There are 2 protein chains.
Amino acid sequence: MRRGEVLMSSQRATYEFRQVGDGDKTAKTDLFYREEIQLALRNRGMPLEGLRYDVTPTGMHYLLIHFDIPHASEDDWSLEIGGLVSRPATLDMDEVRARAPVSLPVTMECAGNGRALMEPRAISQPWLLEAIGTAEWTGTPLAPILEEAGVAGDAVELLFTGVDQGVQGGELQYYQRSLTIEQAMRDEVMLAYGMNGAPLQPQHGYPLRLLVPGWYGMTSVKWLTKIEAIAEPFDGFQQMRTYRYAQSADDVGDPVDLIRVRSVMIPPGVPDFLTRTRLVRRGAHTVRGRAWAGRLDVARVEFSEDGGHTWTDAELGPRLGEFAWRSWSAEWDAMPGERVLCVRATDEEGRIQPTEQPWNYQGMGNNMVHKVDARVE
Amino acid sequence: MRRGEVLMSSQRATYEFRQVGDGDKTAKTDLFYREEIQLALRNRGMPLEGLRYDVTPTGMHYLLIHFDIPHASEDDWSLEIGGLVSRPATLDMDEVRARAPVSLPVTMECAGNGRALMEPRAISQPWLLEAIGTAEWTGTPLAPILEEAGVAGDAVELLFTGVDQGVQGGELQYYQRSLTIEQAMRDEVMLAYGMNGAPLQPQHGYPLRLLVPGWYGMTSVKWLTKIEAIAEPFDGFQQMRTYRYAQSADDVGDPVDLIRVRSVMIPPGVPDFLTRTRLVRRGAHTVRGRAWAGRLDVARVEFSEDGGHTWTDAELGPRLGEFAWRSWSAEWDAMPGERVLCVRATDEEGRIQPTEQPWNYQGMGNNMVHKVDARVE
């Protein structure tokens, strides 16, 4: 098999963003397919009580892995920098680590976070709201490496390739994403080899990954082995056929890029094992959570105990970093009864989380208001 | 709310091990409920390519958490030892760590591993085969602590209580499990505070958990705060109403205890993103995996490329420890076509993994042969 080879037709239908009920928006969406369960068991979410940590413990950070976690060793790892550059180079891990180090707390979120809350929904990784995490990433800035390589004037994008390989949309491929030269040259973009003070764990891209703060996670290519300057915009599967804000299977839509404003709460009280409904003691509670908006700051967080009919301002904690979340807290006097707790955030440019989800075909960028069912006793 | 308080009737039906299709064994079981997705997104499996590691990286080890991950600090943690003992004691974490340390590699598995492969299945955490992991656990043996406390002659069990609280089966409870005195006094049972050379991560029981090698994971109570010697066998929810080999909702069944023999393979080739079907190059492959049998050793592992019609012996690697898995490998000459790869193990007492699953109502202890669909091209 060669990279990019198109498989026989019986396999091409394996991933076309099928929809529950074939796109009938009135279909029941509370049933999930075995394919979705398989993905949910591999791709890990951060249980929302993990919002209590400024920096997510490594083993609690969300993960989305398209293919397999590759078997990699830093001893023989190499990063190739080529394509339309005047000085192609190959760096080993010692050379990467010998470069100027940088550490940055970054809140990362999967573009598909909230997909399983859409009706109907795309058949893919069925995230509710747990595809988030904040880590302290350590690496070296990408821009100086690109400057040393000398990106040619006719190059329009940089293509990033991981060693993880598999079939998606009927096409055998390595995981690949591109950025424009301008996007890739930003100060915060780094080649990361450390997470929370330790080497990357295998599932987070060991030994080397791209990290693009402010963007949804698909851009931060794991197990990075090649960077190529290219003359035409990359039109591969992960760029043009998925990670799109599309309205139908045929709609190319707009590219998914920066993380949208969102706030999430630590569900108060204690859970029911199966339904995850919360049981809460009557009386005074401080409800806490986190809010983020990619590159932007969060200007406001509001809390509601009545399903979003009335809102009160939450108190904002400090921003953990330029690309990381803020904590927030809201005082709540819980009276007996059934409650629907909500939280919503507004970014510094005035965009507010929607109460009703603007649907899209692939289930991308769903930043609808977080709602938690609670029974107060 | 008080511990053990029975909730109002509207909540009591939330967890009764409902079955897909209400127990109709001909019901379609390829659809999953939202409750199952919610649990799958919280409770993390080890992707099977993680079988390549002798010791599972911490962030890849499986997790099953009934309620929430509690907010704990070792600074004010205390372990109370009481009930029918002559010298009740309370230990803080410094006192626990000052005791004789021990480290042990242990393969842990969730009792519900394989539940979602049963037809019909119980509505609970819908594991396929990924609820496994091997860690190097560090702690101190439990037996000397019990000897110092002086367990009374009329005590029959020790009850272990975690601080994690929630509702299950309509009952508000702390997570609790018991062991007989004899089971608890075994040399390998420990109070663990370290995992893979670091303090426990919050989701693995920080700062202190019970570790009972050879048993399914439900016995290794996380966030352990109390040990009580009791005069009657514990009849709480986690002991008598779940973790049972039962045939119906009314059948109390037999208790789930020691891990059954099992072998699992690293799926060869590369995956299709959605179906996880494997695409494999024709030619010679070495298929690898792990096999374990709780306290027992694995005597034999066999591999099949034809769905279990014919078997060949795999080569066994060394046992990683008395309670940990063995590696195995099998040579496979892959010829083009659709293949169903299988692996099965036999323990040192002659028990072999079943080809057809003996069904049970709660979906416990499913150690059926591992099968992987592969297309060889």
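Residues numbered from 1 in each chain as written. Chains lettered and ligands numbered in written order. Predicted model: local features only at pLDDT ≥ 70, side-chain atom pairs only at ≥ 80, totals over all residues. Heavy atoms only, no water.

Draft legend 1. Main features of the overall build of chain A. Looking only at helices and strands, one finds 6 helices and 23 strands in chain A. Computed over C-alpha atoms, the radius of gyration of chain A comes to 21 Å, within 12% of the 21 Å expected from 2.2 N^0.38 for 377 residues, which places it in the range of a compact globule. Put simply, chain A has 377 residues, and 62% of those count as buried. By sequence separation, contacts in chain A at least 24 residues apart represent 74% of the contacts at least 6 residues apart. Each charge sign in chain A was given a centre, from 39 positive and 54 negative side chains, and these centres are 5 Å apart. (Helix = DSSP H or I, 4+ residues; strand = E, 2+ residues; numbered from the N terminus. Rg over C-alpha atoms; globule rule 2.2 N^0.38 Å. Buried < 20%, exposed > 50% of the residue type's maximum accessible area, 1.4 Å probe, protein only. Contact = heavy atoms within 4.5 Å. Lys, Arg positive; Asp, Glu negative; His and termini not counted. Charge placed at Lys NZ, Arg CZ, Asp CG, Glu CD.)

Draft legend 2. Summary view of the relation of the copies chain A and chain B. Overlaying chain A on chain B yields an RMSD of 0.0 Å, the required transformation being a rotation through 180° with an accompanying axial translation of 0.0 Å. Overall, the copies show the geometry of a two-fold rotation axis. Within chain A, Gly59 of chain A has its C-alpha nearest the rotation axis, a separation of 1.9 Å. A share of 100% of interface residues in chain A that are also interface residues in chain B marks the association as one of identical surfaces. (Least-squares fit on C-alpha atoms with pLDDT ≥ 70 in both.)

Draft legend 3. Focus on the domain arrangement of chain A. Residues and elements named next belong to chain A. As assigned here, chain A comprises domain 1 (9-255) and domain 2 (262-376). Just the C-alpha atoms count here: the centres of domain 1 and domain 2 sit 26 Å apart. Contacts between the two partners involve 47 residues from domain 1 and, on the opposite side, 26 residues from domain 2. Taking both partners together, domain 1 and domain 2 bury about 3,300 Å²; carbon and sulfur atoms supply 60% of that area. Of all residues in domain 1, the largest losses of buried area upon contact with domain 2 belong to Leu51, Thr107 and Met118, amounting jointly to 20% of the total for that side. The interface formed by domain 1 and domain 2 contains 18 residue pairs in polar contact (both at pLDDT 80 or more). Mapped onto the side of domain 1 that touches domain 2, the elements with two or more residues apiece are strand 4 (102-109), strand 5 (132-141) and strand 12 (244-245). Taken together, the residues of the side of domain 1 that touches domain 2 break down into 23 nonpolar, 12 polar and 12 charged. (Domains from an automatic or database assignment. Buried area = accessible area lost by both parts, 1.4 Å probe. Polar contact = N/O pair within 3.5 Å; in protein donor to acceptor, adjacent residues only side chain to side chain. Nonpolar A, V, L, I, M, F, W, Y, C, P; charged D, E, K, R; others polar.)

Draft legend 4. View of the sheet that holds strand 3 (residues 89-92) of chain B. All names here are of chain B. Taken in spatial order, the 5 strands make up an open sheet running 3-2-11-6-7, and their pairing is mixed. Single-partner strands in this sheet number two, and they are strand 3 and strand 7 (171-180). This sheet shows a mean twist of 25° between the axes of neighbouring strands, independent of strand direction. Two strands pair when backbone bridges link them, and strand 2 (residues 78-83) and strand 11 (residues 224-230) are joined in this way by 4 bridges, in the parallel orientation. Following the sheet pairing, Gly82 is matched in strand 11 by Glu228. (Pairing = 2+ DSSP bridges. Axes fitted to C-alpha atoms, helices over the stretch in contact; angles between N-to-C directions.)

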